[in-house]
Amino acid sequence: MAYKFFDIEKKWQSYWAANKTFKSQINSEKEKFYVLDMFPYPSGAGLHVGHPLGYIASDIFSRYKRLQNFEVLHPMGYDSFGLPAEQYAIQTGQHPDITTKENITRYRQQLDRIGFSFDWDREVRTSEKNYYKWTQTIFISIFNSWYNTEANKATPIDELLLLFAASGTENVKAQCSEELTFTANEWNSKSAEQQYETLLNYRMAYLSESEVNWCPELGTVLANDEVKNGVSERGGFPVEQKKMKQWSLRITAYADRLINDLDGIDWPESIKEIQKNWIGKSQGALVNFAVKDHADKIEVFTTRPDTIFGVSFMVVAPEHELVQKITTTDQKAAVKEYIEVTSKRSERDRMSDVKHISGAFTGAYAIHPFSGIEIPIWIGDYVLAHYGTGAIMAVPAGDQRDWSFATHFKLPIPNIFEEADLSEGAVEGKDAVVCNSDFLNGLKAKKAISLAIYELEKAGVGTKKINFKLRDAGFSRQRYWGEPIPVYFKNDLPYVLDAKELPLELPEVDKYLPTKNGEPPLARAKNWTTKEGHPLETNTMPGWAGSSWYYLRYMDPNNTTELFSQEAVNYYKQVDLYLGGAEHATGHLLYVRFWTKFLNDLGMIPFNEPAKKLINQGMIQGVSKFVYRLDGTNTFVSKGLIGDRKVASIHADVSFVTGDVLDTEAFKNWRVEYANAEFELENGAYICGSEVEKMSKSKYNVVNPDELIERYGADALRLHEMFLGPIEMHKPWNTKGIDGVSRFLRKLWALYHNDTEEFSVSDEAPSKAALKVLHKTIKAIQDDMDRYSFNTTVSHLMICVNELSSLKCNHRAILSELVVLAACHAPHIAEELWSQLGNDTSVSYATFPKFNPEVLVESSHSYPVSFNGKMRFKLELPIGMDAKAVEEKLLCLPEAQKWLDGKAPKKIIYVNKKIINVVL
RNA sequence: GCGGAUGUGGUGAAAUUGGUAGACACGCUAGACUUAGGAUCUAGUGCCGUGAGGUGUGAAGGUUCGAGUCCUUUCAUCCGCACCA
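Residues numbered from 1 in each chain as written. Chains lettered and ligands numbered in written order. Predicted model: local features only at pLDDT ≥ 70, side-chain atom pairs only at ≥ 80, totals over all residues. Heavy atoms only, no water.

**Focus on the domain arrangement of chain A**
Reasoning step 1: Partitioning chain A into domains gives domain 1 (139–257 + 473–524), domain 2 (281–468), domain 3 (620–707), domain 4 (736–855) and domain 5 (858–919).
Reasoning step 2: Its C-alpha centre places domain 2 at a distance of 71 Å from the equivalent point of domain 5. (Domains from an automatic or database assignment.)

Given below as structure tokens:
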């Protein structure tokens, strides 16, 4: 029987499905291992060869762990709420649920053909009500919690009620929207509704006015990454900032823990770094500056309180609430004009145009807290309203931005550092010695900072403060295709639904667009109220809600009474290996850590990080092909013949191109406008240009895995994707090399079959040489697997098969171990050979071959002999030979004499089993 | 500007602790078998050189008997952040 991959793959895929081969169950006899892929959003375009890369790697690892007798949990599902389905619905009127289901069916078919070992009984879909019911439940838990900053954990809101009733705010340290102070008496004299309203200030899910990107033309709210340079990415329509009541979650309460716990997890350094930057912790002080002739104070945040005597002006953000109050009459016009100009620029514009210095003087003065000197207060857009306090004390001697501002507006630059030259710029380092600074003179930054804070606190004008860039997570989307937020309003106050009312199902609407007055699509639903008639929340949850806990639901996906059972979560625990793209560094990977910590605080799970180990698989890029049309003609010029002529480069579909050569007939048949195309050929061929770009439909560089599977088989695709290079690197797709792995599979098959294609293995004892090859491979593959080096595992399998082929080895003892070694990578052919070897169970649960080091023990070693570090010849010597004996033996050799060239060696380095180096 | 990653043949890459650079594969060259080849097999293939030999891991220094690997400086590409006080 020849190697017919098509039949073999179909046969075993049906076998696995029929026998539920990869079903995972809680098994106290076995240690668990949880391998998770970031689940996909099922887009309408289907899979291209880049998508399965990570799935193949994780599948290989799952299979490896099964062979090592772990109880492997390896599930898959769909992140099925999302914008594209909704956009499609807006355009076509098709319900997103229908298109989503169609897309999922297509995805599933494509996934199934690759031979993954998923436990499909555990599939989850975030858009199914039996899943989002529990997403809503978690939201309610968050709403019903407050963050105790003293205990440093989320706590049920009921406890806060008791604290307020007993002692008011006195002993309460809580993360809240607004610092409130009241006594127990004051609390207890409030009405129930007043108490409820006050409590909203402390809940971990809260409503607040915040800005959204509203695009009137599209009639929808856009995410930040859908807005490019102030206009919508799609369509290029203007986008406005609009204030809306939005739900937010207090992720900022976890800022410190989100940074600190990074130390305990094995994630790529780059991801950790990105998360740290995103959270943006900075330590410093809050300082109050009194405003001359006003009762108000300006509060600033600074990381350099040591430079406080260098303050020569203040800058507040144009949006700062005090600006209107303190601006003097003569400056009113200038300030008004400046605010108008800046308000037209979006935050993004302001950020992208950093060099341009602008500002206006308010006419008001602040009083220096120590020296009492009057300091002019300016407004300037380099101070951002949302960071810190929206105001700074400007120290031009110590901060380059302040220096530039001062220079531009000819403000004084008082020196506060010894031996400083301030003519070219500020002194930003922390090594300068402070001077002209009263009690701080003679100190360097480190000591001066703590002394300055001490003095500020003593004088009652400042406090130590840790500031974070991280903002609370917006949790409202003015969209249809998302989880409804289980909230209703009574007297304008938000209340969560009772658990028994869940799931709050997504209602039917006539259109997937906002209403005329800009309310979200859910406002179109009929009777969108509770039974009592209270209006329901019309926002839906953001895309990241469902994905923030899906890894937990996989552990117990069909539980109808709770999120997951304690039994399941205590058995499967954290994800051991998580694979997915690095683009989720500050989104999903931060939110999933946040929810994990929250659920841990409430005692629902026994761990506080979702995944022990994270690997970011690299992106597979497309190689786009270009043809060049002479301007104003229908003539296409081969790349080498363009010269100085003006041409337009046009993407040609990669399927028309072999190597660099275009199939001109296929190109002409592609589109009507190319039917009469003419070609200028070089050496009889049309040569295309190429460029590495993102793999995408619009660039006509998509390679579809289905076609490759048809031609080469799933095993070949799996091997080829791994063989492309290290899993975490970006790399352009290259179909060409797939012939190599395809040849390998046929060679592997040939080891088990004779010239007439009949299965034929020998039961005789294998040769020493063959055993050596096998055990060398066992060791290599095991080592490679343990460091996730999947590309080299493929090479080692190839080397093994090549060597066994040249040894003409067909011994059962060797081949039945080899088939297990190959089973993770090429499971279909492995199952077939395993069954031909006479096994009646799946190779998936075989035992990974045990490495026997004794087989590899050598009595001699072929030493490379170097002279001055350059390898000249080899010398076979017994292992463990005495250095002196080696030296004597070596120097007698004619080869050595030649390189010694009559000189006596200065030194001879001899490292057992490694090398000999002669120093001349 | 700051932070991170990556630079090795014609191509994808390998070299786990410093110890034979280029394994494995694609491609290419030559040969065999063949009616045919996008099949298979054999041999070769970093570069320069007919050769002996020289040279070679982005560049330049350094440490070492020995450096792709360690240190310093530098260049290029990619990614992330970006007036963060």
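**Let's talk about the protein's contact with RNA strand B**
Reasoning step 1: Neighbouring RNA strand B are 49 residues, the closest being Thr303, Arg401, Lys469, Arg711 and Arg743.
Reasoning step 2: Among the atoms of RNA strand B close to the protein, meaning within 4 Å, 59% are from sugar or phosphate groups.
Reasoning step 3: Between RNA strand B and tyrosine 382, the relevant distance is 2.9 Å, taken from a sugar or linking oxygen to a main-chain nitrogen or oxygen of the residue.
Reasoning step 4: If one sorts the elements of the surface near RNA strand B by residue count, helix H25 (residues 790–806) sits on top with six residues. (Near = heavy atom within 4 Å. Polar contact = N/O pair within 3.5 Å; in protein donor to acceptor, adjacent residues only side chain to side chain. Helix = DSSP H or I, 4+ residues; strand = E, 2+ residues; numbered from the N terminus.)

**Remarks on the pairing of strand S3 (residues 145–148)**
Reasoning step 1: Alternating positions in S3 separate into two faces, Ser145 and Tyr147 on one and Trp146 and Asn148 on the other, with burial throughout.
Reasoning step 2: In this structure, S3 lies alongside strand S4 (residues 153–156), joined through four bridges in antiparallel fashion. Paired with asparagine 148 across the two strands is lysine 153, which belongs to S4.
Reasoning step 3: Turn length for the S3-S4 hairpin, with the two strands adjacent in sequence and antiparallel, is four residues, and the turn residue asparagine 152 shows positive phi of about 55°.
Reasoning step 4: As paired elements, S3 and strand S5 (residues 174–175) share two bridges and run antiparallel to each other. Paired with tyrosine 147 across the strands is glutamine 175, a residue of S5. (Buried < 20%, exposed > 50% of the residue type's maximum accessible area, 1.4 Å probe, protein only. Pairing = 2+ DSSP bridges.)

**Points about the packing of helix H2 (residues 52–67) against helix H22 (residues 714–723)**
Reasoning step 1: Between H2 and H22, the shortest axis-to-axis distance is 10 Å and the interhelical angle comes to 105°. Considering their axes alone, H2 and H22 lie roughly perpendicular with respect to each other. Residues Pro52, Leu53, Ile56, Ala57, Asp59, Ile60 and Arg63 of H2 lie in contact with H22, whose contacting residues are Leu717, Arg718, Glu721 and Met722. (Axes fitted to C-alpha atoms, helices over the stretch in contact; angles between N-to-C directions. Parallel < 35°, antiparallel > 145°, perpendicular 65-115°, else oblique. Contact = heavy atoms within 4.5 Å.)

**Details of the sheet that holds strand S34 (residues 915–919)**
Reasoning step 1: The strand order across the open sheet built from four strands is S32-S31-S34-S33, with neighbouring strands paired in mixed fashion. Looking at the sheet topology across the chains shown, the edges are occupied by strand S32 (870–878) and strand S33 (907–911). Within this sheet the neighbouring strands show an average axis-to-axis angle of 20°, counted without direction.
Reasoning step 2: With three bridges connecting them, strand S31 (residues 860–867) and S34 associate as parallel partners. The residue of S34 that forms the bridge with phenylalanine 867 is valine 918.

**Here we look at a nonpolar patch on the surface**
Reasoning step 1: On the surface, Ile909, Val911 and Ile915 cluster together into a nonpolar patch covering about 190 Å² of accessible area.
Reasoning step 2: Position of isoleucine 915 relative to the elements: it lies in strand S34.
Reasoning step 3: Residue isoleucine 915 is classed as partly exposed on the basis of its relative accessible area of 31%. (Patch = residues over 30% accessible without salt bridge, like charges linked within 9 Å, V, L, I, M, F, W, Y side chains within 5 Å. Areas by Shrake-Rupley, 256 points an atom, 1.4 Å probe, with all protein chains shown as cover. Salt bridge = Lys/Arg side-chain N within 4 Å of Asp/Glu carboxyl O.)

**A closer look at the sheet that holds S5**
Reasoning step 1: With antiparallel pairing, three strands are arranged side by side in an open sheet as S4-S3-S5. Among the strands making up the open sheet, the edge pair consists of S4 and S5.
Reasoning step 2: Contacting S3 and S4, helix H6 (residues 157–167) runs over the sheet at an angle of about 75° to S4.

**Description of the packing of aromatic side chains**
Reasoning step 1: Considering all chains together, one arrives at 58 aromatic pairs under this definition.
Reasoning step 2: Judged by centre distance (5.5 Å) and plane angle (35°), the ring pair of tyrosine 3 and tryptophan 749 falls under tilted. Here the residue tyrosine 3 occupies a position in the segment before helix H1 (5–19), and tryptophan 749 occupies one in helix H23 (residues 738–751), the gap between them amounting to 746 residues.
Reasoning step 3: Summarising the aromatic geometry, the rings of tryptophan 378 and phenylalanine 405 are spaced 5.7 Å apart at their centres and angled 90° between planes, so their arrangement reads as edge-to-face. Remark: phenylalanine 405 occurs in helix H14 (residues 400–408) and tryptophan 378 occurs in strand S15 (residues 374–379); sequence separation between them is 27 residues. Both residues of the pair, tryptophan 378 and phenylalanine 405, count as buried.
Reasoning step 4: By way of ring pairs, the aromatic residues Phe636, Phe656, Phe667, Trp670, Tyr674, Phe679, Tyr686 and Tyr700 are connected into one cluster.
Reasoning step 5: Just above the ring of tryptophan 670 sits the side chain of arginine 671; from NZ or CZ to the centre is 4.4 Å. (Phe/Tyr/Trp six-rings, centres within 6.5 Å; stacked < 30°, edge-to-face > 60°. Lys NZ or Arg CZ within 6 Å of the ring centre and 35° of its normal.)

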